[in-house]
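As a plain string of letters, each chain reads:
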Amino acid sequence: MNRMWIALIAVLALIIIPWVGVGAAGLTLLFGVGIPYIACLIFFVGFIYRIVSWAQSPVPFHIPTICGQQKSLPWIKANNRESPHSYWGLFARMALEVLFFRSLLRNDRAELKQRQRLIYSSNRFLWAGGLLFHWSLIIVLFRHLRFFTEPVLPGIAFVQNLDALFHVGLPALYITDVAIIVGLSYLFLRRVIYPQMRLISLPSDYFVLLLIIAVVLSGVLMRHFFKIDAEKAKELALSIASFRPVIPTAIGLPFYIHLFLVSILAAYLPFSKLMHAPGVFFSPTRNLKNDSRARRHINPWSYPVKVHTYEEYEDEFREAMKEAGLPVEKE
Amino acid sequence: MADDKLKPEEILNVSYEPADRDWLTPTAVFRKGTYSYSAPLKHQKYLDLPNQREWNPADADWKLPENWKEIILEGMGRLLKRHRSFKLYLDICVRCGACADKCHYFLGSGDPKNMPVLRAELLRSVYRRYFTVAGKIFGRLAGARDLTEDVLKEWFYYFFQCSECRRCSIYCPYGIDTCEITMMARELLNLVGCNIQWVVEPASNCFRTGNHLGIPPHAFKQTFEFALDELKDLTGISIDAPINRKGAEILFVAPSADYFASPHWHTFLGYLMLFHEIGLDYTWSTYASEGGNFGLFHSSELAKRLNNKIYAEARRLGVKWILGGECGHMWRTIHQYMDTFNGPADFLEEPVSPITGTKFDNARSTKMVHITEFTADLIKHDKLKLDPARNDRWKVTFHDSCNPARAIGLFAEPRYILQNVCNHFFDMPENTIKEKTFCCGSGAGLGADENMEMRLRGGFPRAHAVKYVKEKHGVNMVSCLCAIDKASLPPLFEYWVPGVEVCGVHELVGNALVMKGETRTADLRGEPLAQAEEPTA
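Residue positions are given per chain, counting from 1 as you read along its sequence in written order. Chains and ligands are labelled by the order in which they are written, letters from A for the one and numbers from 1 for the other. Per-residue local features are limited, in this predicted model, to residues with pLDDT of at least 70; the limit for side-chain atom pairs, both in listing and counting, is 80 or more; totals at the level of whole chains, interfaces and linings are taken over all residues.

1. Points about the overall build of chain A
No. 1: Across its full length, chain A holds 13 helices and two strands.
No. 2: Here the globule rule is a power law, 2.2 Å times the number of residues to the power 0.38, and the radius of gyration is based on C-alpha atoms. Compactness check: chain A gives a C-alpha radius of gyration of 28 Å against a globular reference of 20 Å for 331 residues, more than 25% above the reference.
No. 3: Counting over 331 residues, chain A shows a buried share of 35%.
No. 4: Long-range contacts, defined here as pairs at least 24 residues apart, represent 61% of the contacts in chain A between residues at least 6 apart. Going along the chain from the N terminus, every DSSP run of H or I of four or more residues is numbered as a helix, and every run of E of two or more is numbered as a strand. To sort residues by exposure, count the other C-beta atoms lying within 10 Å of each residue's C-beta; 20 or more gives buried, 12 or fewer gives exposed, and values between give partly exposed, all with C-beta atoms placed from the backbone. Two residues qualify as being in contact provided that their C-beta atoms, derived from the backbone, are within 7 Å of each other.

Printed below as a string of structure tokens:
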């Protein structure tokens, strides 16, 4: 549990920094323009660096993990999604994995009853919680594009309206804001509640969850409770995006806290496990077809190895082979 | 057996809810029955392995070379540059825990370091410390730890408690493959001369004699003579088994246990009967008398050195293509590594069944066909006369061996054969078969007797699923496609679910096969044939 408290303290400290920096010291330029730019720079450079570093390591062997019937004899029904033999199958396998977390859907839970009975039960909470969080996050990020486009692109307005379908409250409460909080809370609580999860969780696992929770909460709070000047926030966003930053006037402290936490998240992302997002596309157990025997895979660093040749073998056993009536190369 | 004293309910005094403690502190305790002996010096020498010496895992002093730490870290850097899988899987794990209760060793031992996620963290923590910025600055806070002798010992303990079965990988949302992690860890351990007897000795035997058991060519020939005599007694038919014959159409390669161990032997007889009956133009080889590859459990280099023989022998004998027998990791090597290791096999032809004319398009580059693909095709084309009633004393289930399942996706072929050669076939529960199949608990070189307690623990989930179908359907025979299964499942079932026997798919084929001119009263185990009802005149 110590690991969780360390992460919580770190996130609280991160909230206090802009509070003091903007609220007390009035460093709006630093927190509104400087830090976001630096964070973006770190994000892009770091992100590309990590991807390049993965790409530089080759895939020497053809090692997909297969989850369905191979394509072999014509009368056996092959499973192109779980054991892809065509590029369409591979595309489907990857799409299902990336968009719908196919592998997590397989999840079950093993329990040992009375020291002898092993019971498996379907366990799709992680799948559901993960989907809820990730899909909400995508929609929330997409909605944010309204701060960066003028006039607001029609697709964005459409999604925004759809998201606020129930029109509860003013401004309207977004469905995804609720959903992302539910999803995140589940992902966090399971790390605190389940003994297996408590043991394997590192401070950084709690840290990213708490940081994202803080980002979401600061965003929701400034929309519904501590109102900020959204027009001015948009002016700042547009000016940053067009590389002509204007010195922002009083937007409201909650905005700066939100922006600072987002900056930290962006700068931290390339150095964290959050790189699983681009990483899954590189995974050789998932992104290769099951055609290992049909197509030769090349190992770029393959080197000659010491082998035991037939000649050496026959030299050792020739007499015995002859005696046993086995054919030999040299009499 | 190392633990005659431990009763099943005592062995299962385990909990899947680990205590909250700091796993970064190394904890390996080398308790009798849970680890394998170190590799004998003689075999280290024969294979020219690095840092050769006699040593004992249970000793405090492992006699490591003075600069062992530099060797390991330098090796790690090299592996990171060579294997994207390694680098990626060290970087992107989010510790979601989906894999935690998927490992058979965890389910049988409750040891949290057998959760795949934590097994990988044993290595990941050292990677962070020496190869990442966060780990260098924040140390333990970032889940990083120094590489110490105790950490190395922990690696040895837990990476020789992973059977590289890849079950966890199918549950991982990123496909993180603990087998890759374990393979890399073993590569690193090799560099400082730390590997186990039951990997290095078979590999060395195989290098020298062509097979794991160290059978020299003349003894190989002799076992064939025994087998042919036995078949003559059983069927009344004189069968020929060509060895090292140049100009044959097909080279047949099986795991060497098939012609030496029990119950593999009956599968061996099954092959011989089948090939005789269809008049196959084929040959066995003494030089390539092993399809299995214990090198794969050691390093990719040793795997390549051993695997080299198969193509070399196919070239020397001038065959057209290669047929492979029932074996697990042999088929992982052949399906996913052989062509890369020692190809291209451009001196061979694309495999075509000489009996049915079927082209094995899925093997067109590697040019090696799995025996169940071959036999299923024969049955489909009605080329075999089968009497499934001859297997009526068996209620059969099928254990998907890890590698044919998760490397090839070989699910339907063996089941199709079984359903044609026996009348009573029952699958185990869905989440214990096919891609979700459980390891026998003895794969990847962990099948030594001194490791028996760990084998029984690791095999528990498999045995438990067998017990389920035994109680529900009266299953008394587990059929499988792996030589290690055939060696390790009998003692496993004797412990957990007595009264269930183990066989290969082609033993049951051999039983059911109605041969031209046969006189048969007994099955391949010498038991009286369960005859179909006598036709009444």
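2. Observations regarding the packing of helix α7 (residues 175-193) of chain A against helix α9 (residues 203-224) of chain A
Residue and element names in this part refer to chain A.
No. 1: Where α7 contacts α9, the two axes come as close as 10 Å, and the packing angle between them is 155°. Relative to α9, α7 is oriented roughly antiparallel. Judged by the sense of rotation from one axis to the other, the crossing of α7 with α9 is left-handed. Between α7 and α9, the contacting residues are Asp177, Ile180, Ile181, Leu184, Leu187, Phe188 and Arg191 on the first element and Asp205, Tyr206, Leu209, Ile212, Ile213, Val216 and Val220 on the second.
No. 2: Under the convention adopted here, Pro, Cys and the residues Ala, Val, Leu, Ile, Met, Phe, Trp and Tyr are nonpolar, Asp, Glu, Lys and Arg are charged, and Gly plus all remaining residues are polar. Considering only residue class, the contact of α7 with α9 consists of eleven nonpolar, no polar and three charged. Here, axes are lines fitted to C-alpha atoms. For helices the fit covers the stretch in contact, and angles between N-to-C directions go from 0 to 180 degrees. In this scheme, roughly parallel covers angles under 35 degrees and roughly antiparallel covers those over 145, while 65 to 115 is roughly perpendicular and the rest are oblique. Left-handed describes a crossing whose near helix is turned anticlockwise from the far helix by less than a right angle; the clockwise case is right-handed.

3. So, helix α6 (residues 116-131) of chain B
It helps to recall that an α-helix has 3.6 residues per turn; residues three or four apart then point in one direction.
No. 1: Working rule for helices: expected span equals 1.5 Å times residues minus one. Along its 16 residues, α6 of chain B runs 22 Å from first to last C-alpha, staying within 8% of the 22 Å computed at 1.5 Å per residue.
No. 2: Along its length, α6 of chain B reaches its greatest deviation from straightness, about 35°, at Leu122 of chain B. At any given residue, the bend is defined as the angle formed between two axes, one fitted to the seven residues that end at that position and one fitted to the seven that begin there.

4. Quick notes on the nonpolar core
No. 1: Nonpolar cores are built from buried Ala, Val, Leu, Ile, Met, Phe, Trp, Tyr and Cys residues. These are joined into a set through C-beta atoms within 7 Å. One finds Trp155, Ile322 and Val466 of chain B to be the most contacted residues of the largest nonpolar core, which totals 195 residues.
No. 2: Residue ranges labeled as domains rest on an automatic or database domain assignment. Both domains that meet at this core, namely domain 1 (8-30 + 50-194) and domain 2 (203-512) of chain B, each give it at least three residues.
No. 3: Beyond its immediate chain neighbours, meaning those up to four positions away, Trp155 of chain B contacts Leu122, Leu123, Ala185 and Leu189 of chain B.
No. 4: Core analysis: the second largest hydrophobic core is formed by 35 residues, Ala7, Leu187, Leu261 and Ile264 of chain A among them.

5. Some words on the sheet that holds strand β5 (residues 396-399) of chain B
Residue and element names in this part refer to chain B.
No. 1: On the basis of which strands lie adjacent, the open sheet formed by three strands has the order β5-β6-β7 and parallel pairing. A strand with exactly one partner marks an edge of an open sheet, and here the two such strands are β5 and β7 (501-504). Each strand of the sheet is rotated relative to its neighbour by a mean of 35°, with strand direction disregarded.
No. 2: Where strand β6 (residues 477-480) and β7 come together, four bridges link them in parallel fashion. Across the sheet, the residue bridging to Ser479 is Cys503, located in β7. Strands qualify as paired when DSSP identifies two bridges or more between them.

6. Description of helix α8 (residues 149-159) of chain B
No. 1: By the burial criterion, the buried members of α8 of chain B are Val151, Leu152, Trp155, Phe156, Tyr157, Tyr158 and Phe159 of chain B.
No. 2: Of the surrounding secondary structure, the elements contacted by the buried residues of α8 of chain B are α6 and α10 (178-191) of chain B.

7. Re the interface of chain B and chain A
No. 1: Facing 97 residues of chain B, the contacting portion of chain A comprises 82 residues.
No. 2: With seven residues, helix α14 (residues 300-317) of chain B is the largest single contributor of residues to the side of chain B that touches chain A.
No. 3: In terms of residue class, the side of chain B that touches chain A is built from 45 nonpolar, 23 polar and 29 charged.

8. Section: unusual backbone geometry
No. 1: Here the bond from Glu150 of chain A into Pro151 of chain A is cis, since omega is 0°, no more than 30 degrees from zero.
No. 2: Mapped onto the elements of the fold, Pro151 of chain A is located in the loop between α5 (125-144) and α6 (154-163).
No. 3: The step from Gly343 of chain B to Pro344 of chain B runs through a cis peptide bond, and the omega angle for that step is 0°.
No. 4: Unusually for a residue other than glycine, Phe101 of chain A sits at a positive phi of about 50°.
No. 5: Inspection of the secondary structure assignment puts Phe101 of chain A in the loop between α3 (87-100) and α4 (102-105).
No. 6: Residue Phe101 of chain A is classed as buried on the basis of its C-beta count, with 22 C-beta atoms lying within 10 Å.

9. Details of the domain arrangement of chain B
Residues and elements named next belong to chain B.
No. 1: You can read the domains of chain B as domain 1 (8-30 + 50-194) and domain 2 (203-512).
No. 2: Contacts between the two partners involve 19 residues from domain 1 and, on the opposite side, 21 residues from domain 2.
No. 3: Residue assignment for the side of domain 1 that touches domain 2 shows that the elements contributing at least two residues are α1 (8-11), α5 (104-109), α9 (167-171) and α10.
No. 4: Per-element accounting of the side of domain 1 that touches domain 2 gives the leading share, five residues, to α5.
No. 5: In terms of residue class, the side of domain 1 that touches domain 2 is built from eight nonpolar, six polar and five charged.

10. Some words on the environment of Ala214 of chain A
All names here are of chain A.
No. 1: Note on placement: Ala214 falls in helix α9.
No. 2: Accessibility expressed as a C-beta count within 10 Å gives 21 for Ala214, which makes it buried.
No. 3: The spacing of Ala214 and Tyr313 is 99 residues in sequence and 69 Å in space, taken between C-alpha atoms.
No. 4: Apart from the residues within four sequence positions on either side, Ala214 is in contact with Val11, Ile15 and Leu261.

11. Let's talk about the sheet that holds strand β2 (residues 282-283) of chain B
All names here are of chain B.
No. 1: Spatially, the four strands line up as an open sheet ordered β2-β1-β3-β4, and their pairing is parallel. If you trace the sheet from one side to the other, it starts and ends with β2 and β4 (368-370), each paired once.
No. 2: Both strand β3 (residues 321-324) and β4 contribute to a ladder of three bridges, which runs parallel. By the bridge assignment for β4, Gly324 is matched with His370.

12. Things to note about the pairing of strand β1 (residues 108-113) of chain A
Within a regular beta strand, the side chains point alternately toward one face of the sheet and then the other, so they alternate between its two faces.
Residues and elements named next belong to chain A.
No. 1: Judged from the six bridges that link them, β1 and strand β2 (residues 117-122) form a sheet pairing that is antiparallel. Of the residues in β2, the one forming a bridge with Glu111 is Ile119.
No. 2: The turn joining β1 and β2, which pair antiparallel and follow one another in sequence, is formed by three residues; a positive phi near 45° is taken by Gln114.

13. Quick word on the environment of Ile408 of chain B
No. 1: Along the chain, the position of Ile408 of chain B falls in helix α17 (residues 402-408).
No. 2: A count of 26 C-beta atoms within 10 Å places Ile408 of chain B in the buried class.
No. 3: A C-alpha to C-alpha distance of 27 Å links Ile408 of chain B and Leu513 of chain B, two positions 105 residues apart in sequence.
No. 4: The contacts of Ile408 of chain B, once residues within four sequence positions are left out, are Ile66 and Gln70 of chain A together with Trp331 and His335 of chain B.

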